Amino acid sequence: MTENRTQTAIKNLLNGRDVTAGDLAVDDPATGKIIAWVRAYTVDEVSQIIAEADTARHAWAARTAKERGAILRKWFDLILANQTDLAHLITAECGKPLAEAMVEVAYGAAFVEWFAEEGKRAYGETIPSFATGKRVLTIKQPVGTCAAITPWNFPIAMVTRKVAPALAAGCSIILKPAEATPLSALAIERLAIEAGVPSAVFKVTPVCEPAPVGELFCSDDRVRKLSFTGSTPVGKILMAQAAQNIAKISLELGGNAPFIVFDDADIDAAITGAIASKFRNAGQTCVCANRFLVQDSIAEEFTEKFTARIAKLKVAPGVERGAEIGPLINDAGYAKVSALVDGAIAAGAVARLGGPSSERGGNFYAPTVLTGVTNDMDIAQSEIFGPVASIMIFATEDDAIRMANDTPFGLAAYFYARDMGRIWRVMEALEYGMVGINDGVLSSEVAPFGGIKQSGLGREGSKHGLDEYMELKYALMGGVS
Ligand code: SIN
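Residues numbered from 1 in each chain as written. Predicted model: local features only at pLDDT ≥ 70, side-chain atom pairs only at ≥ 80, totals over all residues. Heavy atoms only, no water.

Description of the site of the ligand
Stage number 1. Of all residues adjacent to the ligand, which total 13 residues, the nearest are Tyr107, Arg161, Arg280, Cys286 and Ser443.
Stage number 2. Measuring from an oxygen atom of the ligand, one finds a side-chain N or O atom of tyrosine 107 at 2.7 Å.
Stage number 3. In this structure, serine 443 approaches the ligand through a side-chain N or O atom, which is 2.4 Å from an oxygen atom.
Stage number 4. When the ligand is considered free in solution it has 260 Å² of accessible area, and contact with the protein chains removes 100% of it.
Stage number 5. Split by domain, the shell around the ligand shows at least three residues from each of two domains, domain 1 (2–253 + 455–474) and domain 2 (257–444). (Near = heavy atom within 4 Å. Polar contact = N/O pair within 3.5 Å; in protein donor to acceptor, adjacent residues only side chain to side chain. Areas by Shrake-Rupley, 256 points an atom, 1.4 Å probe, with all protein chains shown as cover. Domains from an automatic or database assignment.)

Printed below as a string of structure tokens:
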């Protein structure tokens, strides 16, 4: 049943593409069964594709922003027209529940719509001159040929969040999708071409071995910009490699999001926000709450109510009606979460719910609540990437801020409070690129997504996301009498 629906989505979205033979096996994390074989590109082939993209970019950049915007708008319409099939592809290769996959398609499409408009607003400026007879101005120009490397946890939205601004700016772009989730990226590419994007201007190149292609993206001097979403260790390698050509680089890396609940918070609202933040994609997002810091006087009430809500979450394959928690992406993901939970329990934490065993087996990890966690435990210092809520207790506002900032990461943070003075103080003191106040989900195409410290560089989405694909040129015009 599942496989039939997946095969229909593949047929509808990748018409003509042979997915019965190829070097890259794509499996369904819910069953472990192979659902497709995808052709993988060699490093030499990707190099040739870079050459073609570098030629094609000139004609694309020469089109008006309005023309490019109209093509992007058509692409947006096509993505939404194919929302259900695209959602089935996401669920089949990444495991997230179908309802959540539908939301991801809309989220991914929103970046295309946003940048279709924003490309038309890549304004330069005139600057009051520093001398008579001289005029000072700036223009923005496309950075050139770009490369992108995207993760498996958002197989569509992370593609459009990079490709749409690149295309809107007038760049060409080559994208290597995650090895686990190439089908969604290939489907998105096909819809872009159907909308009118020239095939050499946007090319998806699945590979079996990611490292050599990452190296190529950084060492080929035709690639002027690399955008990567993934782990901090890989981001560091790419950043060092990108130094070879001083290529522009954006990095959206790991997080360790604190979720702070102060004693003046609306506890029921905090629990709703906590569920949304923690359990999105079974806890497998970079902005998922990773540590719950709860003020001592409300800790027991919060823990009890939070645990009761978590106990009701439905763990099931993503295609099953009402599924809320799907499988983890693979054995390695499951092993990592298990090791963190086992380690925390060995170090003194207590499992109020769940724990290492899972009734469903496979890669389904039972939603788990740990109390008695301390900030020095591995589980508090690592990105869990699983449906595990670790709860710590703090006494004062200063303690909460100190504990929240005690990490090399700085992507997203959340807190619930009502006192206005506290809201401003805490928002300003949190060393994070994004702060959710009385809200557990902050992602949107209109807002700048990105981190500080070891969580990355640059911003995606919003008007700032376009600048990542543009160069600012200053022109001085003399001899003006
Ligand atoms: C991510 O996990 O990398 C992205 C999450 C989001 O866009 O909300």
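More follows now that the structure is in view.
Considerations on the packing of helix α14 (residues 397–405) against helix α15 (residues 420–429)
Stage number 1. Where α14 contacts α15, the two axes come as close as 10 Å, and the packing angle between them is 25 degrees. It follows that α14 is roughly parallel to α15 by the angle criterion. Both α14 and α15 take part in a crossing whose hand is right-handed. For the pair α14 and α15, contact is made by Glu397, Ile401 and Asn405 and by Arg422, Arg425, Val426 and Ala429, respectively.
Stage number 2. Here the residues of the contact of α14 with α15 sort into three nonpolar, one polar and three charged. (Axes fitted to C-alpha atoms, helices over the stretch in contact; angles between N-to-C directions. Helix = DSSP H or I, 4+ residues; strand = E, 2+ residues; numbered from the N terminus. Parallel < 35°, antiparallel > 145°, perpendicular 65-115°, else oblique. Left-handed = near helix turned anticlockwise from the far one by under 90°. Contact = heavy atoms within 4.5 Å. Nonpolar A, V, L, I, M, F, W, Y, C, P; charged D, E, K, R; others polar.)

Looking at helix α11 (residues 299–311)
Stage number 1. Here α11 spans 18 Å end to end across 13 residues, near enough to the 18 Å set by a 1.5 Å rise per residue.
Stage number 2. All buried positions along α11 are accounted for by Ala299, Phe302, Thr303, Phe306, Thr307 and Ile310. All buried residues of α11 fall inside an arc of 120 degrees around its axis, so they share one side.
Stage number 3. Lining the buried residues of α11 we find β10 (257–261), α10 (267–279), β11 (289–295), β12 (350–353), β13 (368–371) and β14 (388–394). (Expected span 1.5 Å × (residues − 1). Buried < 20%, exposed > 50% of the residue type's maximum accessible area, 1.4 Å probe, protein only. Arc of directions from axis to C-beta.)

Some points on the domain arrangement of the protein
Stage number 1. When the domains of the protein are assigned, the result is domain 1 (2–253 + 455–474) and domain 2 (257–444).
Stage number 2. Each of domain 1 and domain 2 has a C-alpha centre, and these two points are 30 Å apart.
Stage number 3. At the boundary of domain 1 and domain 2, one finds zero salt bridges.
Stage number 4. The tally of links from domain 1 across to domain 2 stands at six residue pairs in polar contact (both at pLDDT 80 or more).
Stage number 5. Sorting the residues of the side of domain 1 that touches domain 2 by element identifies α4 (83–94) and α5 (98–118) as the ones contributing at least two each.
Stage number 6. Residues that form the side of domain 1 that touches domain 2 fall into these classes: eleven nonpolar, seven polar and five charged. (Salt bridge = Lys/Arg side-chain N within 4 Å of Asp/Glu carboxyl O.)

Comments concerning the nonpolar core
Here is a general trend for soluble globular proteins: nonpolar side chains tend to be buried in one another's company.
Stage number 1. Ranked by size, the top nonpolar core spans 129 residues in total, and within it Trp75, Phe202 and Phe302 carry the most contacts.
Stage number 2. For this core, the two domains that each supply at least three residues are domain 1 (2–253 + 455–474) and domain 2 (257–444).
Stage number 3. Not counting the four nearest positions on each side in its chain, tryptophan 75 is found in contact with Val112, Thr160, Val163, Ala164, Leu167, Ile188, Leu191, Ala192, Ala195 and Phe202.
Stage number 4. Counting residues in each nonpolar core, the second largest holds 21 residues, with Ile49, Ile50, Ala53 and Ile149 among its members. (Core = buried A, V, L, I, M, F, W, Y, C linked by side-chain atoms within 4.5 Å.)

As for the pattern of salt bridges
Stage number 1. Taken as a whole, this structure holds 28 salt bridges when the rule is applied.
Stage number 2. For the salt bridge of glutamate 460 with lysine 162, the shortest nitrogen-to-oxygen distance reads 2.8 Å. Here glutamate 460, found in the loop between β19 (456–457) and α16 (462–467), pairs with lysine 162, found in helix α6 (residues 157–169); they are 298 residues apart in sequence, far enough to count as distant. Accessibility classification places glutamate 460 together with lysine 162 in one group, the buried group.

What to know about the pairing of strand β9 (residues 248–252)
The side chains of a regular strand alternate, first on one face of the sheet and then on the other.
Stage number 1. For β9, the tally of buried residues reaches four of five residues, placing the bulk of the element in the interior.
Stage number 2. Inspection of the sheet shows strand β8 (residues 223–229) paired to β9 by five bridges, in the parallel sense. Bridge assignment links leucine 226 to a residue of β9, and that residue is isoleucine 249.
Stage number 3. Pairing of β9 with β19 involves two bridges; the strand directions are antiparallel. Paired with glutamate 252 across the strands is glycine 456, a residue of β19. (Pairing = 2+ DSSP bridges.)

Observations concerning a nonpolar patch on the surface
Stage number 1. Residues Phe130, Tyr474 and Leu476 make up a contiguous nonpolar surface patch of roughly 350 Å² in combined accessible area.
Stage number 2. Tracing the chain through its elements places tyrosine 474 in strand β20 (residues 470–477). (Patch = residues over 30% accessible without salt bridge, like charges linked within 9 Å, V, L, I, M, F, W, Y side chains within 5 Å.)

Overview of the sheet that holds β13
Stage number 1. Taken in spatial order, the seven strands line up as β12-β13-β14-β11-β10-β16-β17 in an open sheet, and their pairing is mixed. The open sheet has two edge strands with one neighbour each: β12 and β17 (434–437). Shown here is a sheet whose adjacent strand axes are inclined to one another by a mean of 25 degrees, direction ignored.
Stage number 2. One ladder, built from three bridges, connects β13 with β14; its direction is parallel. Across the sheet, the residue bridging to valine 369 is alanine 389, located in β14.

Points about the state of the cysteines
Stage number 1. Taken as a whole and assessed by the stated rule, the structure comprises zero disulfides.
Stage number 2. Cysteine 146 supplies the cysteine sulfur nearest to cysteine 218, a cysteine that is in no disulfide, at a spacing of 13 Å.
Stage number 3. Cysteine 218 sits in the buried class, given a relative accessible area of 1%. (Disulfide = S-S within 2.5 Å.)

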